[in-house]
Amino acid sequence: MKKNKKAQSSETEIKIRKEGRFEKYIKGLLPFAIYFGIFLFAITLSELFLRYHISGKISKMNLAFLAFVPAEAMFFTVFAGFFKNIGNRIVMPLLLLILDLYYCVQFVYFKIFGSLFSVSMMGMGGTAVGNFFWAMEEVIIASLIFIIIFFSPTLICIFLVFVKKIKFAGYPLLMHILPLLLTAGLWFGGIGALKLIGTDRQSAYYVLTNSSSDTDTTANHLGSLTTFIVESGAYYFGIGNTQNEIEISSIDKSDLELVPDTPAGATKDEDNSSEKEAVIVKEEKIVYNPWIDERFDFEALAESATDPASKNLYTYLAEKEPTYQNEYTGYFEGYNLIYICGEAFWTYACNEKVTPTLYKMSNNGIVLDNYYNSFLNTTTNGEFAFATSLWPDVSRWAMSGTDVGSFPQSAGKFMPYGVGDFFANDSVQTYGYHNYYGTYYRRYLSWPNIGFENCKFMGDMKFTSNWPSSDLEMMQQSVDDYIGNDRFFAYYMTFSGHGPYSGSNYMSRKNINEVRELLGEDADKYNAEALNYLACNLELEKAMTYLLERLEEEGKLDNTVIVLTGDHYPYYLSEAGRTSLCQQEISELEQYHSTCTIYNAGMSEPIHNDEYCCNVDIVPTILNLFNIPYDSRLLMGTDVFSKDSMHTAMLYNKSFINNKVAYNSSTQKAEWKIDTSVYCDEALDAYLENYLAMNDSNYLASINMMKYNFYFTIWKQSGLLTEEEIAAENARAAKAMETNAEQNAIEAEAERLRKEAEEAAAAEAAAQAEGQEQNN
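Residues numbered from 1 in each chain as written. Predicted model: local features only at pLDDT ≥ 70, side-chain atom pairs only at ≥ 80, totals over all residues. Heavy atoms only, no water.

Things to note about the overall build of the protein
So, point 1. Each helix and strand counted, the protein has 29 helices and twelve strands in total.
So, point 2. A total of 776 residues make up the protein; the buried ones form 54% of that total.
So, point 3. Partitioning the contacts of the protein with sequence separation of at least 6, the portion at a separation of at least 24 is 80%.
So, point 4. Working note: accessible area of the protein is about 35000 Å², and carbon and sulfur atoms make up 56% of it. (Helix = DSSP H or I, 4+ residues; strand = E, 2+ residues; numbered from the N terminus. Buried < 20%, exposed > 50% of the residue type's maximum accessible area, 1.4 Å probe, protein only. Contact = heavy atoms within 4.5 Å. Areas by Shrake-Rupley, 256 points an atom, 1.4 Å probe, with all protein chains shown as cover.)

With respect to helix α26 (residues 681–707)
So, point 1. Under the 1.5 Å per step criterion, the end-to-end length of α26 is 39 Å for 27 residues, consistent within 8% with the ideal 39 Å.
So, point 2. Judged by how many residues are buried, α26 sits mostly within the fold: 19 of 27 residues are covered.
So, point 3. Following α26 by one or two positions, N709 has its phi on the positive side, about 50°. (Expected span 1.5 Å × (residues − 1).)

Focus on the packing of helix α9 (residues 215–222) against helix α10 (residues 224–237)
Helix packing geometry: the angle between the two helix axes and the distance between the axes.
So, point 1. Look at α9 against α10: their axes get within 7 Å of each other, and the N-to-C directions meet at 130°. Comparing their axes, α10 and α9 come out oblique. Crossing angle aside, the handedness with which α9 passes α10 is right-handed. On α10, the residues that touch T215, T218, A219 and L222 of α9 are S224, T226, T227 and E231.
So, point 2. Of the residues in the contact of α9 with α10, the class split is two nonpolar, five polar and one charged. (Axes fitted to C-alpha atoms, helices over the stretch in contact; angles between N-to-C directions. Parallel < 35°, antiparallel > 145°, perpendicular 65-115°, else oblique. Left-handed = near helix turned anticlockwise from the far one by under 90°. Nonpolar A, V, L, I, M, F, W, Y, C, P; charged D, E, K, R; others polar.)

Things to note about the packing of helix α23 (residues 528–553) against helix α24 (residues 575–582)
So, point 1. With their axes 7 Å apart at the nearest point, α23 and α24 run at an angle of 70° to one another. Taken together, the axis directions place α23 and α24 in an arrangement best described as roughly perpendicular. Here the hand of the crossing between α23 and α24 comes out right-handed. When α23 is examined against α24, the residues E529, A530, Y533 and L534 are found in contact with a partner set consisting of G577, S580 and L581.
So, point 2. The class makeup of the residues in the contact of α23 with α24 is four nonpolar, two polar and one charged.

So, the side chain of S645
So, point 1. When you line up the elements, S645 lands in the loop between α25 (618–625) and β9 (649–650).
So, point 2. In terms of polar contacts, S645 uses its side chain to reach the side chain of S642, at 2.7 Å. (Polar contact = N/O pair within 3.5 Å; in protein donor to acceptor, adjacent residues only side chain to side chain.)

Focus: the sheet that holds strand β11 (residues 661–664)
So, point 1. Across the sheet, four strands lie side by side as β9-β10-β11-β12; this open sheet has antiparallel pairing. Looking at strand neighbours, the two that pair on one side only are β9 and β12 (669–672), the edges of this open sheet.
So, point 2. In the sheet, strand β10 (residues 656–657) pairs with β11 via two bridges, with the strands oriented antiparallel. In the sheet register, I657 faces β11, and the bridge partner there is A662. (Pairing = 2+ DSSP bridges.)

Some details on the pairing of strand β1 (residues 336–342)
So, point 1. Counting buried positions along β1 gives seven out of seven residues, so the element sits mostly inside the fold.
So, point 2. Side chains N336, I338, I340 and G342 of β1 all project onto a buried face; the interleaved residues L337, Y339 and C341 project onto the opposite face, where all are buried too.
So, point 3. As judged from the seven bridges shared by β1 and strand β6 (residues 560–566), these two strands associate in the parallel manner. The partner of Y339 across the bridge, within β6, is V563.
So, point 4. Sheet topology places β1 next to strand β5 (residues 488–493); five bridges connect them, and they run parallel. Across the sheet, the residue bridging to Y339 is Y491, located in β5.

Things to note about the pattern of salt bridges
Close approach of charged atoms lets side chains of opposite charge pair.
So, point 1. Here the structure, examined in full by the defined rule, presents 16 salt bridges.
So, point 2. A salt bridge links D522 to K353; the shortest N-O distance between them is 2.6 Å. In this pair, D522 is assigned in the loop between α22 (506–519) and α23 and K353 in the loop between β1 and α15 (356–362), connecting sequence segments 169 residues apart.
So, point 3. By relative accessible area, which is 41% here, K353 ends up partly exposed. (Salt bridge = Lys/Arg side-chain N within 4 Å of Asp/Glu carboxyl O.)

Some remarks on the environment of V479
So, point 1. Mapped onto the elements, V479 comes out in helix α21 (residues 479–482).
So, point 2. Taking the C-alpha atoms as reference points, V479 and A490, eleven residues apart in sequence, are found 8.8 Å from one another.
So, point 3. Look past the residues within four positions of V479 in its chain and what remains in contact with it is Y492, Y546, L547 and R550.

Examining helix α14 (residues 308–319)
So, point 1. The end-to-end C-alpha distance of α14 is 16 Å, a good match for the 16 Å that twelve residues give at a rise of 1.5 Å each.
So, point 2. Regarding α14, the residues found buried are A309, S310, N312, L313, Y314, Y316 and L317.

Structural notes on the sheet that holds β1
Each strand in a sheet pairs with another by means of backbone hydrogen bonds, the pair being arranged parallel or else antiparallel.
So, point 1. Overall, mixed pairing links the eight strands, which are arranged β4-β3-β5-β1-β6-β7-β2-β8 in an open sheet. Every other strand in the sheet has two partners, leaving β4 (454–456) and β8 (607–614) as the edge strands with one partner each. Along the sheet, successive strands turn relative to each other by an average axial angle of 15°, direction set aside.
So, point 2. This element, helix α16 (residues 379–388), spans β1, β5 and β6 of the sheet and lies at about 155° to β1.

Structural notes on the layout of surface pockets
Unoccupied space between atoms shows up once a probe the size of one water molecule is rolled over them.
So, point 1. Put simply, the second largest pocket is a space of about 680 Å³.
So, point 2. In terms of lining, the second largest pocket is formed by 24 residues, of which the most central are W187, I229, V230, G233 and I239.
So, point 3. Here the element with the most residues in the lining of the second largest pocket is α10; it accounts for seven residues.
So, point 4. Class assignment for the residues of the lining of the second largest pocket results in 17 nonpolar, five polar and two charged. (1 Å grid on protein atoms, 1.4 Å probe; cavity = no way out; pocket = protein on both sides within 12 Å on 5 of 7 lines; lining within 4 Å. Points joined across faces, edges and corners; volume = space filled by probe spheres on them.)

Points about a negative patch on the surface
So, point 1. Together, D297, E299, E303 and E319 give the surface a local cluster of negative charge.
So, point 2. Mapped onto the secondary structure, E299 falls in helix α13 (residues 298–304). (Patch = residues over 30% accessible without salt bridge, like charges linked within 9 Å, V, L, I, M, F, W, Y side chains within 5 Å. Lys, Arg positive; Asp, Glu negative; His and termini not counted. Charge placed at Lys NZ, Arg CZ, Asp CG, Glu CD.)

Details of empty space enclosed by the protein
So, point 1. A full pass over the atoms with the stated rule returns six cavities of 30 Å³ or more.
So, point 2. Approximately 190 Å³ is the volume attributed to the second largest cavity.
So, point 3. As for the second largest cavity, its lining consists of 16 residues, of which R201, Y206, V207, T217 and K654 are closest to the centre.
So, point 4. Elements with a contribution of two residues or more to the lining of the second largest cavity: α8 (204–209), α9 and α26.
So, point 5. Residues of the lining of the second largest cavity, tallied by class, amount to four nonpolar, eight polar and four charged.

Some words on the pairing of β5
Consecutive side chains of a regular strand alternate in pointing toward one face of the sheet and then the other.
So, point 1. The element β5 is extensively covered by neighbouring structure, given that six of its six residues are classed as buried.
So, point 2. Side-chain alternation along β5 places F488, A490 and Y492 on one buried face and F489, Y491 and M493 on a second face that is also buried.
So, point 3. When strand β3 (residues 429–434) meets β5, the two strands line up parallel, connected through six bridges. Bridge pairing in β5 places Q429 opposite F488.

Now the structure itself:
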């Protein structure tokens, strides 16, 4: 009997414990649901607010992020409710603060750079913060109200916790472990939902699964937080990066032709007649040779390749359409070249009153009427495309674990097709100059690696100001290095045009009064931001005026070609500043419409070219004009004068403009320039799809050329390098990836001397002011 009573008692206790445990889970569901709801609301609100601030509207395409918000909210809910009331009152505001701080950083970054912060850019870290702190300070002050709105979930939570004394209950450990599995389930559920909606190249699913997608395009579809998670997975763990190996394919030229529907009533004879006429015209054309290096047999190399990546790239190169020699081949053969990448240089920096030299140069020589700058921001990307005719890596993979940007990374690669290499190989002395430190983006290593044998940076040259420094002072300290040579090639990366375009900018303060004087009554037409942009570019104007004067004095002006284009759009300009500078509203795509000057004073009249082109097209165009042999299949650009080639201006986000259509990937809208009524919808859709596929292939080919150091592979397997040259290149590449203590010491000393000079100048100015005050 006693045993039965004990057994019954034990069973009762177990039952009570189970019921108590069950009640504990039931009670935990309410705070769990509340926390989940809070995070769901906070993420959704922040995403919508950030997107509205970026685009000025929220479209249906922008709402795909909602598929992943439950998973993201569930993840944060896992870390809430671990403690009892007091602990949770600290943890909840802290978790919300992490979220709000992330969105706030993205907001400030967008205000400065015009795009969102990518995971790969985190490598810039303290360098970026140090260099752009003065701009950040201005933006934060000007955007304080918006920043407070971003922090509102945290502020509301703090108010409820510490003022209203709201309690935040906890819940059992099991309710923290199981939601981790639920988070994964919700994440994959979100992926499945996107797949059901659509998988074409313009879909959110394609953007998610294609690792070549850039940060802005991904965020445009999937939201900022989802983009950050996906990029982190790709960058740090290599998740989803197989696309780079398998999606490079050539598009047949015929797939990029639009054939009108056969008109009703058209006869076969009429069709044959038009074909005969076409044949007759073709027979009358001059046949030009392609720019191909016969030493490269890509078909044979593809057949012998054992790894899929090499086979894929060789096949792509073998099938790639080359560009052809043309009537302008050798137009500047034997001339000197000055190749300038202008900081934030844009069409509207060429003002007839303020910058007459820039205006003259942009409207004479070879004028590219439909030139587009592919990049919204980040100097190193535009500079890389301009100097190598390769697309820089702006994907979520972005060569993790190395320097930020393709140009710095190229220092450790074999780069025989840099623009400087072609001239150096032709026994032309090559030079490179930049009015900032050479360690920034590792230019002191990457420039010599693309053929610039003699380079000078800040430290080698002295400047009155540091950020930004003077283009004129750079020109004054460099021209004498090369102007006495029979032939020369000088490359410049300018700096004076850097934003922000306000009174905090040294170049703005230096030149603003002169700009007002030059504009006269017209100064009232521009707002302060537009005037400051012109003031910054007035320093470039002075540099170019000095350069032309020196060339003329030495009798070198008529046989020197000057190429000048921008690294990117002037992203510091607000919409109001841009409208004021242009004196009209500019569409999203038209803000990329820019100027690439190819100026030669010896030309009797300008040559206008209306083919659509962009940064990567300049190197092949110059090589053709100078009649320098190259294999056009190894470059992603197209010579603008090449007949029958496909001419397109492609932007960093895969938007593109050609003579038939302007396609905006941000809105997925196509503005056709042709009469679309004569084409069926299927033909138009196929044309867009094929063009997007071609752009993807060219972009991925560029990435893999760098990723696999493929120039080195081609040269080795084509028998163009000796064993000694291979060993020397391997040693150079290894050394290039090490920190250069000597260069850092030079720059540290230069910075110390600059600060001392700055302090001395300030002390002298203060002493003069004090003396004048005493005299008064």
